[in-house]
Amino acid sequence: MKVLVLGSGGREHALVWKLAQSPHIAQMWCAPGNAGISEERLAKNGSLVECVNISAEDLPKLLAFAQEKQIDFTVVGPDGSLALGVVDLFQKNGLRIWGPTQKAAQFEASKVYSQDFMERHGIPTARSEIFADAAAARNFATTLDGRCAVKADGLALGKGVLICQNVEEANKAIDEILISKAFGNAGARIVIQEFLEGMEISLHALCDGKTAKLFPTSQDHKRALDGDLGLNTGGMGTYSPAPFLTDAELADVGAKILNPWLKGCAADGIDFRGLLYPGVMLTKDGPKVIEFNARFGDPETQVYLTRLENDLVELLSASVDGTLGNMELRWSRTASVCVVMASGGYPGSYAKGKPISGLAEAGALPNTKIFHAGTAKAGDQIVTNGGRVLGVTAWAETLSSARDAAYQAVERIHFEGAHYRHDIAAKALS
Ligand code: AMP
Ligand code: GLY
């Protein structure tokens with residue numbers, strides 16, 4: 001089988017690494033990929049994965065490439081490609097591709113759509129309202145004493161959610177999005193949710209239009225600095241499992257969210273074949289969904305795929321074919337921890353092109369995998385090329401040994417300005 005993966009981050013490196021282990025795959029490309037991806041070899045024949053210099057959002061070029069190489073199966077990593085309709089385009093041209101269609105990807109591309117869907121179909125979520133008018137929005141925020149999350153409707157590079165603790169902050173957030181148009185058209189409408197307190201976890205479920213198979217729990221660390229301080233980022237580290245739910249509780253939480261979601265999809269004519277990633281707050285009144293994503297999480301994927309025992313191409317094929325009901329997801333008993341090493345300045349502005357040392361030494365440690373995110377090759381050196389640079393991942397019998405192993409690998413890797421959190425998985429271990 002010839003496979004093409006779209007995207008260039010740590011999530012895509014993890015997808016490529018796991019897919020490369022499948023005996024079904026004889027050739028693999030990644031567009032555009034990164035330095036780590038271009039060093040992966042296929043288990044079937046030892047051939048290297050090839051990175052092609054096409055943006056994951058350049059749909060016409062991707063289609064032409066897939067047709068020229070006669071790709072059998074394409075796997076989509078990022079939300080941007082899904083929102084542009086890459087799945088619809090490939091399907092229209094008779095190509096097999098994994099991921100939700102543009103209509104189904106609205107769960108992530110439009111927070112207004114998602115919020116309205118949750119309310120219509122009885123999915124537990126935050127108390128909320130939708131606005132296009134700033135005065136009405138301010139009134140609602142005042143009824144919440146300004147303790148709320150103000151969210152731009154559309155995709156805003158992960159920056160469209162403003163957390164407010166008083167009326168002044170809420171009014172400022174509303175004006176920024178609806179009046180000053182800080183996120184352009186993505187902020188033509190907003191969702192205001194009450195501020196929820198509790199432990200936040202990531203859920204993932206693989207879906208085939210009828211069935212949703214829930215993954216184990218994981219937890220991301222969204223703030224840049226230790227102790228959940230600093231700015232919001234794409235995610236500074238993850239671990240799985242997160243011990244805040246027993247298996248039975250997880251199944252119950254899953255059922256409370258996924259059953260009404262599946263029924264809602266059927267009622268609304270949405271055929272979702274892909275990965276549903278609900279962000280969930282475990283509040284004292286029960287679990288509540290704060291958002292849906294329509295793709296694998298980054299860096300959740302790094303910990304999930306180091307625990308998954310199934311052949312990934314078989315699972316994703318079943319997701320496309322509507323045959324997931326016959327499959328059982330199998331997870332190793334080990335725990336997995338991913339520590340993100342980021343460029344100095346991230347999530348603000350940062351320099352690129354800093355040489356990275358220690359990768360081979362760290363990667364040679366047992367039960368350790370260094371997933372690349374923002375890296376590139378410069379001659380025979382690997383250099384930084386993005387905000388999140390590496391996802392240093394390790395797995396072990398216990399969460400604390402997995403955590404120690406991940407940090408031992410981190411300590412062997414150096415680049416100018418590197419920063420990372422020192423407290424990944426600490427909440428679970430305290
Ligand atoms: P979202 O992109 O909607 O997940 O929001 C980004 C982050 O903001 C989440 O990961 C939460 O940490 C936080 N957040 C979003 N909505 C709420 C809410 N209703 N209450 C408290 N925190 C929230
Ligand atoms: N881990 C956060 C995200 O993928 O959106």
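Our subject is the structure listed above.
The following paragraphs examine the structure supplied in this document. Small disclaimer: the values here were computed from a predicted structure and weren't measured.

### Concerning the site of ligand 1
Here's step 1: Every one of the 14 residues lining ligand 1 counts as a neighbour, but K151, E194, L196, E200 and E291 are closest to it.
Here's step 2: In this structure, an oxygen atom belonging to ligand 1 sits 2.8 Å away from a side-chain N or O atom of K151.
Here's step 3: At 3.0 Å from a nitrogen atom of ligand 1 is found a side-chain nitrogen or oxygen belonging to Q193.
Here's step 4: Coverage of ligand 1 by the protein amounts to 88% of the 470 Å² it exposes when considered alone.
Here's step 5: Looking at the shell around ligand 1, the elements that each hand over two or more residues are β7 (147-152), β8 (161-165), β9 (190-194) and β18 (286-293).
Here's step 6: Residue classes in the shell around ligand 1 are distributed as seven nonpolar, one polar and six charged.

### What about unusual backbone geometry?
Here's step 1: Cis geometry is adopted by the peptide bond preceding P32, which originates at A31 and carries an omega value of -5 degrees.
Here's step 2: That bond from S240 to P241 is cis: its omega, -5 degrees, falls within 30 degrees of zero.
Here's step 3: Inspection of the secondary structure assignment puts P241 in the loop between β16 (237-240) and α9 (247-268).
Here's step 4: In this structure, K181 is a non-glycine residue whose phi angle is positive, near 55 degrees.
Here's step 5: Residue placement: K181 occurs in the loop between α8 (167-179) and β9.
Here's step 6: Owing to a relative accessible area of 41%, K181 belongs among the partly exposed residues under this scheme.

### What about the pairing of strand β21 (residues 375-378)?
Here's step 1: Pairing analysis gives four bridges linking β21 to strand β22 (residues 381-384), with the strands arranged antiparallel. Across the sheet, A376 pairs through a bridge with V383, a residue of β22.
Here's step 2: Linking two consecutive strands that pair antiparallel, namely β21 and β22, is a turn of two residues; a positive phi of about 65 degrees is found at G379 within it.

### Brief notes about the sheet that holds strand β23 (residues 388-396)
Strand pairing within a sheet occurs via backbone hydrogen bonds; the two strands may be parallel or antiparallel.
Here's step 1: One open sheet accounts for five strands, arranged β13-β16-β19-β23-β20; its pairing is antiparallel. Two strands bound the open sheet, and with one partner strand each, they are β13 (219-220) and β20 (368-372).
Here's step 2: Relative to β16, β13 runs antiparallel, the two being bridged by two bridges. Within the sheet, the bridge partner assigned to D220 lies in β16 and is T238.
Here's step 3: The strands touched by helix α13 (residues 399-411) within the sheet are β16, β19 (335-342), β20 and β23, with β19 carrying the most contacts at an inclination of about 30 degrees.

### Details of the pattern of salt bridges
Here's step 1: On inspection of all chains with the given rule, the structure shows 24 salt bridges.
Here's step 2: Across the salt bridge formed by R273 and D271, the nearest N and O atoms sit 3.0 Å from each other.
Here's step 3: Judged by relative accessible area, R273 falls into the partly exposed class, the value being 26%.
Here's step 4: The partly exposed category is assigned to D271, whose relative accessible area is 41%.
Here's step 5: Where R412 meets E361, a salt bridge forms, and the shortest distance between an N and an O atom there is 3.3 Å. Of this pair, R412 sits in the loop between α13 and α14 (426-429) while E361 sits in helix α12 (residues 359-363), and the two are 51 residues apart along the sequence.

### Quick look at the pairing of strand β2 (residues 27-32)
Here's step 1: Bridging between strand β1 (residues 2-7) and β2 involves six bridges; their strand directions are parallel. What sits directly across from V3, in β2, is M28.
Here's step 2: Between the parallel pair β1 and β2, the chain is carried across by helix α1 (residues 10-19), and the sense of this crossover is right-handed.
Here's step 3: Here β2 pairs with strand β3 (residues 50-51) via two bridges, running parallel. If you follow W29 over to β3, its bridge partner there is E50.

### Here we look at the packing of helix α7 (residues 134-143) against α8
The description of two packed helices rests on the angle between their axes and on the distance between the axes.
Here's step 1: Contact geometry for α7 and α8: axes closest at 10 Å, N-to-C directions at 155 degrees. As judged from the angle between their axes, α7 and α8 are roughly antiparallel. In terms of crossing hand, the pair formed by α7 and α8 is right-handed. Residues A134, A137, R138, A141 and T142 of α7 form the contact with α8, whose own contacting residues are V167, A170, N171, I174, D175, L178 and I179.
Here's step 2: Residues belonging to the contact of α7 with α8 are distributed by class as follows: eight nonpolar, two polar and two charged.

### A word on the site of ligand 2
Here's step 1: Close contacts around ligand 2 come from D220, G234, Y277, R295, G297, D298, P299 and E300, and that covers them all.
Here's step 2: Contact between ligand 2 and R295: an oxygen atom at 2.8 Å from a side-chain N or O atom of the residue.
Here's step 3: At a separation of 2.7 Å, a nitrogen atom of ligand 2 approaches a polar side-chain atom of E300.
Here's step 4: In isolation ligand 2 offers 200 Å² of accessible surface; the protein chains occlude 88% of this area.
Here's step 5: Taken together, the residues that form the shell around ligand 2 break down as two nonpolar, two polar and four charged.

What counts, and where the lines are drawn
- Residues numbered from 1 in each chain as written.
- Chains lettered and ligands numbered in written order.
- Predicted model: local features only at pLDDT ≥ 70, side-chain atom pairs only at ≥ 80, totals over all residues.
- Heavy atoms only, no water.
- Near = heavy atom within 4 Å.
- Polar contact = N/O pair within 3.5 Å; in protein donor to acceptor, adjacent residues only side chain to side chain.
- Areas by Shrake-Rupley, 256 points an atom, 1.4 Å probe, with all protein chains shown as cover.
- Helix = DSSP H or I, 4+ residues; strand = E, 2+ residues; numbered from the N terminus.
- Nonpolar A, V, L, I, M, F, W, Y, C, P; charged D, E, K, R; others polar.
- Buried < 20%, exposed > 50% of the residue type's maximum accessible area, 1.4 Å probe, protein only.
- Pairing = 2+ DSSP bridges.
- Contact = heavy atoms within 4.5 Å.
- Axes fitted to C-alpha atoms, helices over the stretch in contact; angles between N-to-C directions.
- Salt bridge = Lys/Arg side-chain N within 4 Å of Asp/Glu carboxyl O.
- Right-handed = clockwise from strand over helix to strand, strands pointing away.
- Parallel < 35°, antiparallel > 145°, perpendicular 65-115°, else oblique.
- Left-handed = near helix turned anticlockwise from the far one by under 90°.

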